[in-house]
Amino acid sequence: MRETVSLDDGAIDPTRCPMHVPRDALNNRVPMWLLPDQGVLLESDLVEDHQGDPFAVVPASTLDGYRGICRLHPDNNLQLVTPRFEQDEVIYLEGGLLGFCPAPRDLLTIGVELQENIYKVLPITEACALVAAMATAETLMIAGGMPAMAPGAFQM
């Protein structure tokens, strides 16, 4: 589904402003916008579940401040694309940036067997802690120090 939305200055509550993702911040080749509640799949040695999976889905809003990502009021025209699938999917949004697209769930899907959730969006507090740990580890690596946490040390 593709929509074009026209926005007037100040028409968006600042807490609902889209997230501006600069080029190369999340393996994206061009700058882009994400809605705050869009799930983003991150890969990090700091994440490792009981199956050894180094992936986690975080809401885009929790990336505020990470690698230059920030909330910004967009220009007047913003094109929104909302992909819909029968089952939960992780898809390439742009370049290597992966987004989580949950299957629509409503009263009509109650009792319908959907695939087991491979990925779950982390709660805000856990997602913020993960993003902060990733930022700290990257800062220490750039400075030539050791990562703040050993791989797999961040527990969900």
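Everything in this summary refers to the structure shown in the same document.

Parameters and conventions
- The numbers attached to residues start from 1 for each chain and follow its sequence in the written order.
- A pLDDT threshold of at least 70 governs which residues receive local features in this predicted model, and a stricter bar of 80 or more applies before side-chain atom pairs are shown or counted, although totals over entire chains, interfaces and linings include all residues.
- Side-chain numbers come from the whole structure's heavy atoms, not from hydrogens or water.
- Within this scheme, the nonpolar core is defined by two criteria: the residues are buried Ala, Val, Leu, Ile, Met, Phe, Trp, Tyr or Cys, and they are joined through side-chain atoms within 4.5 Å.
- Exposure is judged per residue with a 1.4 Å probe applied to protein chains only, and the accessible area is read against the type maximum: over 50% gives exposed, under 20% gives buried, and values in between give partly exposed.
- Strands are runs of DSSP state E lasting at least 2 residues, helices are runs of H or I lasting at least 4, and numbering of each runs from the N terminus.
- Any two residues having at least one pair of non-hydrogen atoms within 4.5 Å are treated as being in contact.
- Between N or O atoms, a polar contact is any pair within 3.5 Å; within protein, one atom must be a potential hydrogen donor and the other a potential acceptor, and residues adjacent in sequence are included only when both atoms are from side chains.
- Cavity: a set of points on a 1 Å grid over the protein atoms alone where a 1.4 Å probe fits but cannot get out. Pocket: an open set with protein on both sides within 12 Å along at least five of seven lines, its lining residues, like those of a cavity, having an atom within 4 Å of a point.
- Grid points are joined across faces, edges and corners, and a volume is the space filled by probe spheres set on the points.
- Residue polarity follows a fixed list, in which Ala, Val, Leu, Ile, Met, Phe, Trp, Tyr, Cys and Pro are nonpolar, Asp, Glu, Lys and Arg are charged, and the others, Gly among them, are polar.
- At least two DSSP bridges between two strands are required for those strands to pair.
- For helices, the fitted line uses only the C-alpha atoms of the stretch in contact; every axis is such a line through C-alpha atoms, and the angle between N-to-C directions lies from 0 to 180 degrees.

**Quick word on the nonpolar core**
Point 1. In this structure, Leu26, Val40, Leu42, Leu63, Ile69 and Leu130 are the most contacted members of the largest nonpolar core, which totals 24 residues.
Point 2. Those elements giving two or more residues to this core turn out to be β2 (19–21), β3 (32–34), β4 (39–43), β5 (55–59) and α1 (124–142).
Point 3. If you tally residues by element for this core, the top one is α1, at six residues.
Point 4. Discounting residues that sit within four places of it in the chain, Leu26 has contacts with Val21, Val40, Leu42, Leu63, Tyr66, Ile69, Gly96 and Leu97.

**Topic: the environment of Thr62**
Point 1. For Thr62, the location among the structural elements is in the loop between β5 and β6 (70–71).
Point 2. For Thr62, a relative accessible area of 7% puts it in the buried group.
Point 3. Once the C-alpha coordinates of Thr62 and Leu130 are considered, the two residues, 68 residues apart in sequence, prove to be 9.2 Å apart.
Point 4. At 2.7 Å, the side chain of Thr62 forms a polar contact with the backbone oxygen of Pro59.

**Some thoughts on the layout of surface pockets**
Point 1. Each pocket or cavity is described by its volume, and for the largest pocket that value is around 710 Å³.
Point 2. Taken together, 25 residues form the lining of the largest pocket, with Leu34, Gln38, Val81, Thr82 and Pro83 sitting closest to its centre.
Point 3. For the lining of the largest pocket, the secondary structure elements donating two or more residues are β3, β7 (77–81), β8 (89–94) and β9 (97–101).
Point 4. Sorting elements by how many residues they give to the lining of the largest pocket places β7 first, with four residues.
Point 5. A breakdown of the residues in the lining of the largest pocket according to their chemical character gives 18 nonpolar, four polar and three charged.

**Details of unusual backbone geometry**
Point 1. Its identity as a non-glycine residue notwithstanding, Asp24 has a phi of 70°, on the positive side.
Point 2. Looking at where Asp24 falls in the secondary structure, it is placed in the loop between β2 and β3.

**With respect to the sheet that holds β6**
Point 1. If you walk across this open sheet you meet the three strands as β3-β2-β6, and the pairing is antiparallel. The sheet is open, and its two edges are formed by β3 and β6, each paired on a single side.
Point 2. Sheet analysis places β2 next to β3, joined by three bridges and oriented antiparallel. In the strand pairing of β3, Met19 is matched with Leu34.

**Remarks on the side chain of Asn28**
Point 1. Tracing the backbone through its elements, the reader meets Asn28 in the loop between β2 and β3.
Point 2. Residue classification places Asn28 among the buried positions, given a relative accessible area of 0%.
Point 3. For Asn28, the side chain forms a polar contact with the main-chain nitrogen of Ala25, separated by 3.3 Å.
Point 4. Beyond its immediate sequence surroundings of up to four residues, Asn28 is in contact with Val21, Pro22, Arg23, Glu94 and Leu97.

**Overview of the sheet that holds β4**
Point 1. Spatially, four strands are ordered β5-β4-β9-β8 in an open sheet, and the strand pairing comes out antiparallel. A strand with exactly one partner marks an edge of an open sheet, and here the two such strands are β5 and β8. Each adjacent strand pair in this sheet contributes to an overall mean axis angle of 40°, direction not counted.
Point 2. As defined by bridge partners, β4 adjoins β5 across five bridges and the pair is classed as antiparallel. By the bridge assignment for β5, Glu43 is matched with Phe55.

**Digging into the environment of Gly65**
Point 1. Secondary-structure assignment places Gly65 in the loop between β5 and β6.
Point 2. Distance in space between the C-alpha atoms of Gly65 and Val131 is 9.4 Å, their sequence separation being 66 residues.

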